[in-house]
Amino acid sequence: MRKIIDPYFQISDFTIPVAGLKESVEIMQISDLHISHADADSSEERKEKVERQKNAWEPVRRHFANRYGDSIESEHMIDPEEGWQRIISAMNQSRPDAVIFNGDMMEDYSPENLRFLSEGLRRIEIPWMWVCGNHERGHDDEYAPWMDGHPDCQLSVVKGLQFIGINNADKQVTDDQLAKILSASVLMPSVLVMHIPMLTKYNKEATAVFGEYFLMGTGEVCESTRRFIEYMEGKDNPIAAVLCGHVHGKHISEYRPGKVQICASSCMVGSCNRIRFIPAE
Ligand SMILES: [Fe+2]
Ligand SMILES: [Fe+2]
């Protein structure tokens, strides 16, 4: 992967050893851009809504950045629509093995937002995966063409490493999703990709910095989600790592001893992760 020289990006590096991996896989993890877009021919009402949404985020993205240690210099505070164009250019120039978009790429679903996002996805020249965030939920049919036909559980293999992308935007993992995770993860080294990070018995202290809103596994947890979390806590689970977004702050915790869950901060301030998966000794 070539160096990213655009000063918009605040990149954090992680290296994760993966058992059974034959060669290194280097990815970029990007999340929570919260794009609001109006086309030139959008209604006045739509244009006003976009303006309102952008204004509302202005103090909030500063708040998150201050809370979690991201810089808010002018080069990081660009409009998310401009950020999206910079992301596409940076990915095509630096060419990581893949780019993972961890959800909330759009502020909400609208035809304008999805057109704007998908027009960019179409121009990305490396493998990518986008999973649904809570801001985007409820429109799986529209997302299916951009999620390999399976927004609930999409699979993609890059250089022998499988990415299993699930939609957990409702803070739930269904029986069907769990069955797919179980059957896919035994096939080859795998990484789980979802929007909302999970609370397990092992990362309670590390994730205490987040409130209940930001975690899956708090409050009332449905039976299949509970079984999913138990599976992730278990020793036999072959998943090498979990990648999430949602919290708008860079964060790493062990969901079980030796296995990490990495949250990307918000790309609303250019913050993202570069992760090298390397063959375990
Ligand atoms: Fe978000
Ligand atoms: Fe979110």
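The preceding data block contains the structure.
What counts, and where the lines are drawn
- Residues numbered from 1 in each chain as written.
- Chains lettered and ligands numbered in written order.
- Predicted model: local features only at pLDDT ≥ 70, side-chain atom pairs only at ≥ 80, totals over all residues.
- Core = buried A, V, L, I, M, F, W, Y, C linked by C-beta atoms within 7 Å.
- Buried ≥ 20, exposed ≤ 12 C-beta atoms within 10 Å, placed from the backbone.
- Contact = placed C-beta atoms within 7 Å.
- Pairing = 2+ DSSP bridges.
- Helix = DSSP H or I, 4+ residues; strand = E, 2+ residues; numbered from the N terminus.
- Axes fitted to C-alpha atoms, helices over the stretch in contact; angles between N-to-C directions.

Undergrad: Can you walk me through the nonpolar core in this structure?
TA: For soluble globular proteins, the rule of thumb is that nonpolar side chains tend to be buried together. Grouped together as the largest cluster of nonpolar side chains are 69 residues, with contacts concentrated most on Val-99, Ile-100, Val-191 and Val-193. Among all residues touching Val-191, those that are not within four sequence positions of it are Leu-161, Phe-163, Ile-239, Ala-240, Ala-241 and Leu-243.

Undergrad: Is there a simple way to explain the sheet that holds strand 3 (residues 98-101) in this structure?
TA: Whenever strands of a sheet pair, they do so through backbone hydrogen bonds, lying parallel or antiparallel. Spatially, five strands are ordered 1-11-2-3-4 in an open sheet, and the strand pairing comes out mixed. Two strands in the sheet have a free side with no partner beyond their single neighbour: strand 1 (10-18) and strand 4 (128-130). Each strand of the sheet is rotated relative to its neighbour by a mean of 20°, with strand direction disregarded. Of the strand pairs in this sheet, strand 2 (residues 25-30) and strand 3 are connected by four bridges, and their pairing is parallel. The residue bridging Ile-27 from the neighbouring strand is Ala-98, located in strand 3.

Undergrad: How should the pairing of strand 6 (residues 161-166) be read in this particular structure?
TA: Where a strand is regular, its side chains alternate between the two sheet faces. Counting buried residues in strand 6 gives five out of six residues, a clear majority hidden from the surface. Sheet topology note: the strand 5 (residues 153-158)/strand 6 ladder contains six bridges and is antiparallel. Bridge pairing in strand 6 places Gln-154 opposite Gly-165. Summarising the sheet, strand 6 and strand 7 (residues 190-193) pair through four bridges and their orientation is parallel. Residue Gly-165 lies in a different strand from strand 7, and its bridge partner there is Val-193.

Undergrad: Would you take a moment to explain the environment of Ile-278 for this structure?
TA: Position of Ile-278 relative to the elements: it lies in strand 11 (residues 271-279). Placed 252 residues apart in sequence, Ile-278 and Glu-26 show a C-alpha to C-alpha distance of 8.5 Å.

Undergrad: Explanation requested: the pairing of strand 9 (residues 251-256) in the structure shown.
TA: Bridge analysis of strand 9 against strand 10 (residues 259-263) gives five bridges, and the strand direction is antiparallel. From the neighbouring strand, His-251 faces strand 10, where its bridge partner is Cys-263. Between strand 9 and strand 10, which pair antiparallel one after the other, the connecting turn spans two residues, and Gly-258 there sits at a positive phi close to 90°.

Undergrad: Would you mind going over unusual backbone geometry with me for this structure?
TA: Most peptide bonds take the trans configuration, and most residues that are not glycine carry a negative phi. Within the chain, Asp-148 stands out as a residue other than glycine whose phi angle is a positive 60°. Asp-148 sits in the partly exposed class, given 14 other C-beta atoms within 10 Å. At Lys-159, a position not held by glycine, the phi torsion is positive, near 50°. For Lys-159, the location among the structural elements is in the loop between strand 5 and strand 6.

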